[in-house]
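Chain and residue survey
Listed below, chain by chain, are the residues.
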Amino acid sequence: MVPSVVDTVAKFFYFSCLDEALSFTASLRVLSDLRANNHIDENHRSQWIRTLTKWRGRLGALNSKSWNVEGDSRGGFELPPDFDMGAWMTFLSSSDPREVEAVLLSRILSFTDEEIAKGLNVSVGTVRYRVGRGLRHLGGFIEF
Amino acid sequence: MTRFLCQELLYEYVRGALTAERQSVMDQFIGGCSESRREMEKLQRGLGYVEKAASIQVSQDLHQALLNFEPVWKKRLRAWSLWSSQRGWRMLPYFFLLVALGLGLWVTKPWEQQLSQVQILAEQAKLPTVLRSSGYPEAFVTVLNPSTPSPLLPKKNFLVQPQTRTEAPASDSQESHTLVQNEKSEGATNQSDRALKGFLMRGEIFVNDFASDWPKIREKIQSLGGKVAGHVPLGWLRNPKNAYFHFSLPQSNRAELENFISTFGQVRFSEEEHPRVMPQGQVRIILSVKDGVTHETPSAAP
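Residues numbered from 1 in each chain as written. Chains lettered and ligands numbered in written order. Predicted model: local features only at pLDDT ≥ 70, side-chain atom pairs only at ≥ 80, totals over all residues.

As for its position among the elements, T51(A) is in helix α3 (residues 45–56). Look past the residues within four positions of T51(A) in its chain and what remains in contact with it is V30(A), D33(A) and L34(A). (Helix = DSSP H or I, 4+ residues; strand = E, 2+ residues; numbered from the N terminus. Contact = placed C-beta atoms within 7 Å.)

In structure tokens, the structure reads:
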């Protein structure tokens with residue numbers, strides 16, 4: 001399995017719910033889904049987006065499970081020392097989910113605008129508009 | 001350039017994705033619009049933040065957990081297999097699995113569930129369809145009219161006439177449909193077709209010499225492989241003028257028994273629904289032998 005798929009999927013769900021256990025469960029489902037449909041390689045990045053966004057809508061219906069044997073679901077992500085998750089949390093809870101999704105895919109997971117447009121079935125202009133608007137909202141939540 | 005348009009183009013302006021002409025127009029506008037400058041600052045702060053967010057790494061442990069995930073039950077089974085194989089009991093997990101599977105089958109009895117579904121279908125007036133799909137003769141299916149008001153399976157009667165076996169017209173009775181079977185012409189195949197699962201044959205015969213006839217009938221039943229069923233002995237004397245026979249008989253010997261009984265008089269058999277399902281090739285029969293001189297009224301079986 002290509003490692004970047006695993007990281008991309010894990011980070012997508014972590015930033016989507018900020019719950020490591022839930023994001024682990026969802027990541028397993030998505031990876032299984034991608035593997036079953038043979039979309040695991042880099043040539044299917046638009047398909048990754050389709051699968052990710054499909055499962056993002058189902059997060060509420062999943063039962064979270066711990067990913068390590070100790071039953072502790074923390075420590076799965078290595079955050080920079082001065083990074084404050086508070087701004088993202090506010091952004092996640094108060095902004096348009098489509099803007100959050102666009103910022104996450106474009107600026108954090110480094111999908112190209114074309115890949116996102118294809119994956120979300122929207123135009124490239126719409127993707128840029130959502131990213132720009134999302135970033136302005138996010139910037140408004142950052143204390144300086 | 002308007003403030004709205006400026007804000008719409010801010011993202012591409014910051015990324016440097018605009019044409020040189022648009023870039024200079026934006027420069028001029030932003031220089032004179034404090035609101036747009038504030039929006040641009042927010043956007044730049046947002047960009048700085050997501051750059052840091054993008055540097056978040058998935059830990060090696062989580063990465064491995066996602067790559068090599070196994071359900072808990074699988075892990076336990078593997079650990080158990082390893083543990084037992086180290087002690088030379090390699091088959092132990094499989095033995096327990098087999099036992100569990102067998103126990104599950106024994107408790108759930110899926111074959112009985114299937115049977116009950118067939119019974120429910122029959123009770124829902126889909127009997128003709130069920131019978132046709134089970135390979136019963138069309139004549140029999142027609143006799144069991146689905147428009148019968150009773151939700152239960154209608155009875156099927158056979159009239160075995162003494163010595164001569166000729167076809168007779170069906171009676172007009174609405175409760176039951178009488179069918180005289182010409183067994184010689186239909187052959188043994190149809191007989192086996194009539195051996196319905198969950199049915200019993202009920203018949204009665206009036207004999208002239210009760211005291212000597214009923215023991216002969218009992219002997220014949222026993223010689224044909226008849227085995228007592230129910231709670232009373234074969235040929236139980238319900239009263240001095242009525243002998244009760246409740247027995248199972250190989251389907252292949254039924255015709256011979258009917259032939260034998262018909263030498264004593266006219267016997268009427270009816271097929272009734274019964275919760276007990278007989279094994280393949282066996283038929284359950286209740287026969288009342290009555291004194292033909294007194295003609296007593298029938299009573300309920302024990």
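There is more to say, and it comes next.
In this section: helix α10 (residues 210–223) of chain B. Residue and element names in this part refer to chain B. The end-to-end C-alpha separation of α10 is 20 Å, in line with the 20 Å expected for 14 residues at 1.5 Å each. Among the residues of α10, those classed as buried are F210, D213, W214, I217, R218 and I221. The arc enclosing the buried residues of α10, seen along the axis, measures out at 135 degrees, which places them on a common side. Every exposed residue of α10 that faces more than 90 degrees away from the buried side is listed here: A211, S212, P215, E219 and S223. One or two steps after α10, the chain reaches G225, where phi turns positive at roughly 90 degrees. (Expected span 1.5 Å × (residues − 1). Buried ≥ 20, exposed ≤ 12 C-beta atoms within 10 Å, placed from the backbone. Arc of directions from axis to C-beta.)

Of all hydrophobic cores here, the largest spans 51 residues; its most connected members are V9(A), A10(A), V103(A) and L104(A). Excluding its chain neighbours within four sequence positions, the residues that come into contact with L104(A) are F12(A), F15(A) and L109(A). (Core = buried A, V, L, I, M, F, W, Y, C linked by C-beta atoms within 7 Å.)

Attention now goes to the pairing of strand β7 (residues 242–250) of chain B. Residue and element names in this part refer to chain B. Strand direction decides the pairing type here: strand β5 (residues 227–228) and β7, joined by two bridges, are antiparallel. Opposite K227, over in β7, you have S248 as the bridge partner. Pairing between strand β6 (residues 236–239) and β7: three bridges, direction antiparallel. Looking across to β7, one finds that W236 is bridged to Y244. Here β6 hands over to β7 after two residues, the two strands then running antiparallel side by side. Sheet topology note: the β7/strand β9 (residues 282–291) ladder contains nine bridges and is antiparallel. Paired with S248 across the strands is R284, a residue of β9. (Pairing = 2+ DSSP bridges.)

Right, let's talk about the interface of chain B and chain A for a bit. At the interface, 28 residues of chain B touch 34 residues of chain A. If you list the elements that add at least two residues to the side of chain B that touches chain A, you get α1 (3–15), α3 (34–54), β1 (57–58) and α4 (60–67) of chain B. It is α3(B) that provides the largest number of residues to the side of chain B that touches chain A, a total of 12 residues. As defined by bridge partners, strand β1 (residues 77–78) of chain A adjoins β1(B) across two bridges and the pair is classed as antiparallel. When the sheet's bridge partners are listed, F77(A) is paired in β1(B) with V58(B).

Residue and element names in this part refer to chain A. At L18, a position not held by glycine, the phi torsion is positive, near 55 degrees. Assignment of secondary structure puts L18 in the loop between α1 (3–17) and α2 (20–36). With 14 C-beta atoms packed within 10 Å, L18 lands in the partly exposed category. Unlike most non-glycine residues, S110 shows phi in positive territory, near 60 degrees.

On to the packing of helix α5 (residues 97–108) of chain A against helix α7 (residues 124–140) of chain A. Residue and element names in this part refer to chain A. Where α5 contacts α7, the axes come no closer than 8 Å and their chain directions differ by 100 degrees. The angle between α5 and α7 falls in the class roughly perpendicular. In this structure, α5 uses R98, E99, V100, A102, V103, S106 and R107 to contact α7, whose residues at the interface are V127, R130, V131, R133, G134, L135, H137 and L138. Residues of the contact of α5 with α7, tallied by class, amount to seven nonpolar, three polar and five charged. (Axes fitted to C-alpha atoms, helices over the stretch in contact; angles between N-to-C directions. Parallel < 35°, antiparallel > 145°, perpendicular 65-115°, else oblique. Nonpolar A, V, L, I, M, F, W, Y, C, P; charged D, E, K, R; others polar.)

This paragraph deals with α4(B). All names here are of chain B. Here α4 has its buried residues at L62, A65 and L66. Within α4, the buried residues cover an arc of 95 degrees as seen down the axis, which keeps them to one side. Seen from the buried face of α4, the exposed residues on the opposite side, beyond 90 degrees, are Q60 and L67.

Just distances and angles here, no functional claims.
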